[in-house]
There are 4 protein chains.
Amino acid sequence: MIKAGIIGATGYSGGELVRLLGLHPAAKVQAATSRSYIGKTYNEVFANFNRYEELYLQEENIETMANECDVIFVALPHGIASERVTASILKHTRIIDFGPDFRISDASVYEKWYGIRHCARELLPQAVYGLSEIYRDKIRGARLVANPGCYTTCGIIALYPLIKEGVIDAGSIIIDAKSGVSGAGRGLDLGVHYDEANENVKAYKVGSHRHTPELEEQLSLAAGRDVILSFTPHMVPMNRGILLTAYANLAGKYTYELVYEIFNQYYKDEFFIRMTKKDVSPETKWVKASNFCDIGFTIDDRTGRIIVIGALDNLVKGAAGQAVQNMNIMFGLEEKAGLDMAPVFPA
Amino acid sequence: MIKAGIIGATGYSGGELVRLLGLHPAAKVQAATSRSYIGKTYNEVFANFNRYEELYLQEENIETMANECDVIFVALPHGIASERVTASILKHTRIIDFGPDFRISDASVYEKWYGIRHCARELLPQAVYGLSEIYRDKIRGARLVANPGCYTTCGIIALYPLIKEGVIDAGSIIIDAKSGVSGAGRGLDLGVHYDEANENVKAYKVGSHRHTPELEEQLSLAAGRDVILSFTPHMVPMNRGILLTAYANLAGKYTYELVYEIFNQYYKDEFFIRMTKKDVSPETKWVKASNFCDIGFTIDDRTGRIIVIGALDNLVKGAAGQAVQNMNIMFGLEEKAGLDMAPVFPA
Amino acid sequence: MIKAGIIGATGYSGGELVRLLGLHPAAKVQAATSRSYIGKTYNEVFANFNRYEELYLQEENIETMANECDVIFVALPHGIASERVTASILKHTRIIDFGPDFRISDASVYEKWYGIRHCARELLPQAVYGLSEIYRDKIRGARLVANPGCYTTCGIIALYPLIKEGVIDAGSIIIDAKSGVSGAGRGLDLGVHYDEANENVKAYKVGSHRHTPELEEQLSLAAGRDVILSFTPHMVPMNRGILLTAYANLAGKYTYELVYEIFNQYYKDEFFIRMTKKDVSPETKWVKASNFCDIGFTIDDRTGRIIVIGALDNLVKGAAGQAVQNMNIMFGLEEKAGLDMAPVFPA
Amino acid sequence: MIKAGIIGATGYSGGELVRLLGLHPAAKVQAATSRSYIGKTYNEVFANFNRYEELYLQEENIETMANECDVIFVALPHGIASERVTASILKHTRIIDFGPDFRISDASVYEKWYGIRHCARELLPQAVYGLSEIYRDKIRGARLVANPGCYTTCGIIALYPLIKEGVIDAGSIIIDAKSGVSGAGRGLDLGVHYDEANENVKAYKVGSHRHTPELEEQLSLAAGRDVILSFTPHMVPMNRGILLTAYANLAGKYTYELVYEIFNQYYKDEFFIRMTKKDVSPETKWVKASNFCDIGFTIDDRTGRIIVIGALDNLVKGAAGQAVQNMNIMFGLEEKAGLDMAPVFPA
């Protein structure tokens with residue numbers, strides 16, 4: 001049984017991680033920490049876990065946890081995880097970081113977008129970007145996995161094969177994404193006060209969202225050249241789910257069937273990536289509470305563009321689910337262990 | 001492996017049943033029927049099941065299905081199931097009926113509330129009311145189980161111990177319930193058109209909802225006398241969940257602790273019934289997508305009343321989940337097989 | 001032009017008051033205060049008011065405002081308004097208080113439910129309870145009007161004629177109410193964080209909500225005897241609206257038509273109270289953004305009870321709209337001035 | 001008093017038109033027709049209108065109505081309005097058509113996108129496109145106004161000055177729009193069944209939505225060249241509102257201030273177009289139930305693109321409100337008559 005520790009367990013993605021580990025045949029939560037709820041039991045914080053998680057929330061001590069746990073999931077704000085994780089910690093345990101500190105290989109890019117100094121530059125070379133389907137081989141041997149952002153996961157899955165195969169002009173990418181409110185976390189803020197977010201749609205951080213450099217780095221690697229793209233996130237009034245609509249100019253003449261075949265080459269054996277049929281557009285409701293990412297696309301001959309649409313659950317494939325998937329890869333388990341469930345609908 | 005058939009598989013409770021059976025270690029869907037989608041695969045109807053249920057939806061033929069399946073779940077409108085199920089069918093298979101036809105032991109009461117003739121009166125004596133926690137022993141040997149209504153399940157669990165132990169005046173019961181919209185099913189109707197149901201609360205079928213006689217029969221059995229009660233259902237703008245608030249006059253002087261102890265006698269070993277702590281009120285979000293029913297109560301000394309609040313997921317403990325629980329009991333499986341999962345939050 | 005001041009203008013009911021006064025032919029906002037947004041313009045706080053309210057939010061100074069304004073609307077937490085309002089203030093201006101400080105005539109009852117000392121007991125005798133339809137005559141000459149609570153307004157309108165005419169047993173009243181989330185205000189709190197309130201129903205303050213003594217005082221006055229009742233508020237996932245379901249034992253044999261006639265005697269000339277037709281149940285969507293209160297009822301011969309259902313917009317008839325209605329009465333204006341608009345649907 | 005007729009009055013935009021005309025100082029509904037509710041009163045269809053619209057819904061007879069009414073608002077499906085409206089009708093009354101039949105000047109383009117023959121080609125030359133702010137002068141003298149689509153209105157307002165002034169490369173436009181569900185109308189359909197639309201986001205009609213040719217014609221006129229663009233509508237779970245995010249390559253080096261100045265030239269005197277301040281993004285909640293269209297934009301130097309965001313209420317500025325605005329222009333009334341109200345928030 002893999003013993004898992006969770007640092008920052010009382011956010012929404014922490015809660016989802018606890019739920020998924022509870023369903024896992026070969027892993028269990030050994031210890032969990034929280035800044036706000038030290039000494040409480042987990043089900044005092046999240047009453048859905050009554051009958052399940054009676055573990056006490058501890059004060060954070062990553063050294064102790066590293067000795068007790070085979071893997072630690074870290075869900076802390078940017079800039080904190082990189083203070084906690086050290087080479088010494090990584091000798092004792094493996095880390096799957098939900099935050100951005102180890103996602104961007106170039107610390108100066110990180111520092112520009114996040115506005116703080118990166119304090120663990122020396123660990124960046126060994127950090128593996130945890131987009132499971134793309135970096136599976138590297139994840140297998142990794143001790144430090146940077147779990148991708150929710151938008152980023154969806155965007156990369158939607159565009160990676162197209163860029164890799166030169167189907168699209170990498171300079172023309174525009175990503176317009178719509179997220180449920182849980183993406184903003186459980187912290188109180190007027191923007192996610194019920195009456196402010198309900199019955200409302202808005203864009204936010206236009207041109208400046210921090211998932212942008214992460215998208216650009218990964219898609220640049222795929223393209224073999226620098227990719228600069230537009231990314232606009234929106235908040236829509238629902239709890240969970242991301243729908244991402246990506247636009248790009250086709251680099252040549254492509255039929256639907258040809259592009260489908262290209263996607264198929266990359267994803268036909270990927271359990272968690274489901275291509276929709278022609279003229280069927282992904283919807284967030286079909287992936288709720290699951291680790292699936294649904295992908296569909298349209299070839300628009302009028303404009304010479306392709307429109308690719310992806311849907312995932314931001315708390316699962318966009319966070320805790322992919323983290324478990326990465327854990328499974330790291331520990332040589334079946335990749336879908338604990339994640340092999342149909343989405344919940346309607347929910 | 002128990003082979004399960006589903007008649008009427010393409011409603012919301014049918015979809016939830018398919019999801020739960022997909023998680024079950026000892027049962028699987030052998031065949032499923034639908035009136036509207038004959039010949040389609042299940043995931044064409046419910047795209048969440050891509051990668052899972054590729055079974056073809058058949059035309060209904062209960063005789064054939066009875067030969068192939070160990071158990072048939074019937075999800076048909078009132079008046080139809082009792083036409084289909086016969087003594088002969090029951091020789092070949094077991095039936096768990098989601099509808100009301102076999103819930104009320106007195107056919108004349110059924111006929112009064114449903115306004116139609118009951119056409120299988122001869123089967124009523126062998127039908128067992130499938131409130132798992134109360135009729136477990138009878139369910140074990142049953143071939144025909146009448147799965148309770150969603151509101152009814154919540155109401156009975158909330159009040160049964162109080163009535164049985166004489167804590168409340170059985171003549172004073174008022175039940176005010178609030179349900180998510182999925183309780184109204186997947187059939188098109190202006191009342192459940194998005195813009196009509198969203199941002200709205202309404203009561204419906206005031207004084208005339210058909211779960212009333214079902215509540216009254218069961219609570220009368222508990223009371224050992226005829227119980228007449230008020231029941232008002234409301235529709236609230238959310239997908240899933242029932243919150244039920246029951247009011248009754250206390251039959252004497254009772255402290256919170258004493259009543260808690262009475263509930264405890266009945267429910268302390270019931271996995272799926274979770275009593276909340278004092279001053280903690282059940283909320284539907286804590287039971288979502290699970291088979292739990294949360295119960296809390298308040299003793300109001302000012303008015304001499306008790307207010308009992310119950311919460312469950314109408315599609316799970318209120319329908320498909322309790323059906324699986326009943327199947328487990330009927331087949332001698334562990335009662336929580338396929339149902340042992342923490343609720344999903346936020347969802 | 002009536003010059004209106006608003007103390008505590010940046011909550012949801014303050015915003016609604018500003019909107020309604022903006023539509024008023026004979027009143028305008030002269031000054032507004034806020035604790036959190038001093039120095040900002042009103043449309044920086046509520047961007048819907050761009051093109052309209054460019055007034056600066058001032059620091060609170062009730063004396064100055066009393067000199068400048070013909071009427072002051074006070075929207076402060078309980079215990080504060082009674083500190084601010086004095087006999088001297090009332091010489092210079094009129095007060096319409098949104099809070100509870102002057103709603104309950106017996107200070108000891110107030111003190112018991114609110115847990116604080118009442119610091120303006122001497123003003124209680126001159127305070128008029130602002131349920132416009134019932135206290136119109138007293139409101140006309142009042143200098144201090146206690147605007148009723150949102151639940152209370154709905155409950156009193158629903159039950160007043162029945163109690164007054166002895167139709168119901170005043171000892172048997174149970175009120176089960178469902179409110180949209182804006183009733184909880186704009187202050188940050190985990191309970192009204194989007195993902196906590198969305199897709200959820202809960203009861204709160206069971207047996208202890210502070211609108212209870214207000215309901216009891218008013219209904220006692222109607223009954224001519226002490227009324228003790230059960231009141232349970234619930235929060236449902238929508239922005240606005242209250243649906244209130246009241247249960248009571250009929251004091252005799254009453255037909256629907258007879259009770260309808262009784263309601264009609266009280267309300268047939270009341271513009272803002274709309275009786276629904278037989279078998280039509282009020283819904284919150286039909287009163288949205290309006291000052292209407294819709295009332296319907298069912299006579300349940302089986303149980304000998306009447307079920308009365310009321311619907312109103314908690315921010316309008318439950319707060320700012322009734323306040324404007326009271327202002328109109330106090331200043332001898334047409335009672336529906338500024339309020340004569342059809343509800344907005346769908347919204 | 002302008003006498004208005006409404007053909008097809010019982011959809012959501014019909015309801016909103018009735019509401020707005022009810023607030024209008026110089027117009028009133030003279031007659032209204034419906035296919036589904038002939039003989040009913042309007043408030044039987046929309047109960048929010050109790051106390052207001054007691055008019056009977058008639059069978060459609062445009063000739064009779066043309067004789068009785070100064071203006072007829074037509075809200076019929078595409079292909080029907082062009083069958084009804086004739087030169088003879090236009091001699092007796094003016095027409096404001098909510099549908100698409102007269103929006104596209106080239107009948108062959110209309111026929112390609114709508115898949116039917118246009119049966120009133122001879123009227124196209126006199127039809128005026130009813131984007132009030134742009135075609136005010138032509139609308140003034142028009143007898144046949146084609147009220148623009150909801151998405152189109154938002155898209156044109158967002159982009160018109162930029163195209164007209166050569167700020168953007170007209171070949172690079174991508175429009176990603178998000179609409180509340182009321183945009184789909186009141187007709188029953190599984191896609192707008194509550195549980196299907198709630199807690200879900202989806203794109204629809206990708207690359208094929210019929211507002212595309214309308215956007216392209218208008219923007220081509222502004223550009224003085226043919227504009228081909230990508231337009232993707234999405235449905236988000238809320239009742240009302242459109243948020244539209246438009247992307248385009250800047251044709252040169254532009255600062256925020258310079259572009260703001262360009263918008264200002266076009267819109268500074270437009271009451272219903274509100275430019276947001278720098279770094280403030282429009283949100284649908286700030287325009288709810290009003291005729292405003294809020295516009296904000298971001299210059300993204302990294303990508304050389306501009307992102308323009310527009311928000312409007314699809315039933316008001318996107319339908320009934322702009323229709324009233326056009327009526328005001330046609331009849332020489334103050335343009336904001338009946339429309340001069342702050343948006344409702346929260347709603």
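Residues numbered from 1 in each chain as written. Chains lettered and ligands numbered in written order. Predicted model: local features only at pLDDT ≥ 70, side-chain atom pairs only at ≥ 80, totals over all residues. Heavy atoms only, no water.

### Things to note about the domain arrangement of chain A
All names here are of chain A. In terms of domains, chain A is made up of domain 1 (2-126) and domain 2 (151-312). Here domain 1 and domain 2 have C-alpha centroids that lie 26 Å from each other. Taken together, the 15 residues of domain 1 in the interface contact 14 residues of domain 2. Interface of domain 1 and domain 2: buried area, both sides summed, is about 1300 Å²; carbon and sulfur atoms make up 50% of it. Contact with domain 2 buries area across many residues of domain 1, yet Tyr-12, Arg-103 and Trp-113 alone supply 50% of it, more than any other trio. One can count 2 salt bridges joining domain 1 with domain 2. The salt bridge involving Arg-240 is made with Glu-16; its shortest N-O contact spans 2.7 Å. Linking domain 1 to domain 2 there are 6 residue pairs in polar contact (both at pLDDT 80 or more). At the level of elements, helix 1 (12-22) and helix 6 (107-114) are the ones that each hand at least two residues to the side of domain 1 that touches domain 2. Its residues placed into classes, the side of domain 1 that touches domain 2 shows 8 nonpolar, 3 polar and 4 charged. (Domains from an automatic or database assignment. Contact = heavy atoms within 4.5 Å. Buried area = accessible area lost by both parts, 1.4 Å probe. Salt bridge = Lys/Arg side-chain N within 4 Å of Asp/Glu carboxyl O. Polar contact = N/O pair within 3.5 Å; in protein donor to acceptor, adjacent residues only side chain to side chain. Helix = DSSP H or I, 4+ residues; strand = E, 2+ residues; numbered from the N terminus. Nonpolar A, V, L, I, M, F, W, Y, C, P; charged D, E, K, R; others polar.)

### Describing the packing of helix 8 (residues 150-164) of chain C against helix 11 (residues 256-267) of chain C
All names here are of chain C. Closest axis-to-axis distance for the helix 8/helix 11 pair is 9 Å, and the angle between their directions is 110 degrees. By the criterion of interaxial angle, the relationship of helix 8 to helix 11 is roughly perpendicular. Touching Ile-156, Ile-157, Ala-158, Tyr-160, Pro-161, Leu-162 and Lys-164 of helix 8 are Val-259, Ile-262, Phe-263, Tyr-266 and Tyr-267, all from helix 11. Grouping the constituent residues of the contact of helix 8 with helix 11 by class yields 11 nonpolar, no polar and 1 charged. (Axes fitted to C-alpha atoms, helices over the stretch in contact; angles between N-to-C directions. Parallel < 35°, antiparallel > 145°, perpendicular 65-115°, else oblique.)

### A look at helix 11 (residues 256-267) of chain D
All names here are of chain D. An ideal rise of 1.5 Å per residue puts 16 Å on 12 residues; helix 11 measures up with 16 Å between its terminal C-alpha atoms. Listed in full, the buried residues belonging to helix 11 are Tyr-256, Val-259, Ile-262, Phe-263 and Tyr-267. End-on, the buried residues of helix 11 take up no more than an arc of 130 degrees, which puts them together on one face. Against helix 8 (150-164), strand 12 (273-275), strand 13 (293-300) and strand 14 (305-312) lie the buried residues of helix 11. (Expected span 1.5 Å × (residues − 1). Buried < 20%, exposed > 50% of the residue type's maximum accessible area, 1.4 Å probe, protein only. Arc of directions from axis to C-beta.)

### Observations regarding the relation of the copies chain C and chain B
Once chain C has been moved 0.0 Å along the axis and rotated by 180 degrees, it coincides with chain B to within an RMSD of 0.0 Å. Overall, the copies show the geometry of a two-fold rotation axis. Mapped onto chain B, 100% of the interface residues of chain C are again interface residues, and the two copies thus contact each other with one and the same surface. (Least-squares fit on C-alpha atoms with pLDDT ≥ 70 in both.)

### Considerations on the relation of the copies chain A and chain D
With an axial shift of 0.0 Å and an RMSD of 0.0 Å, the rotation relating chain A to chain D amounts to 180 degrees. The share of interface residues of chain A whose copies in chain D are also at the interface is 100%, consistent with both copies meeting through the same surface.

### A look at the packing of aromatic side chains
Inspection of the entire model under this criterion finds 79 aromatic pairs over all chains. Each ring, one from Trp286(D) and one from Phe345(D), has its centre 4.7 Å from the other, and the planes form 45 degrees; the classification is tilted. Of this pair, Trp286(D) sits in the loop between strand 12 and strand 13 while Phe345(D) is found in the segment after helix 12 (316-330), placing the two residues 59 residues apart along the sequence. Across the pair, exposure class does not vary: Trp286(D) and Phe345(D) are buried alike. One aromatic cluster is present, built from ring pairs that chain together Tyr12(A), Tyr42(A), Phe46(A), Phe49(A), Trp286(B) and Phe345(B). When the ring centre of Phe271(B) is taken as origin, the NZ or CZ atom of Arg51(A), which lies over that ring, is 5.9 Å away. Its guanidinium or amino end placed over the ring of Phe271(D), Lys336(D) lies 3.9 Å from that ring's centre, counting from NZ or CZ. (Phe/Tyr/Trp six-rings, centres within 6.5 Å; stacked < 30°, edge-to-face > 60°. Lys NZ or Arg CZ within 6 Å of the ring centre and 35° of its normal.)

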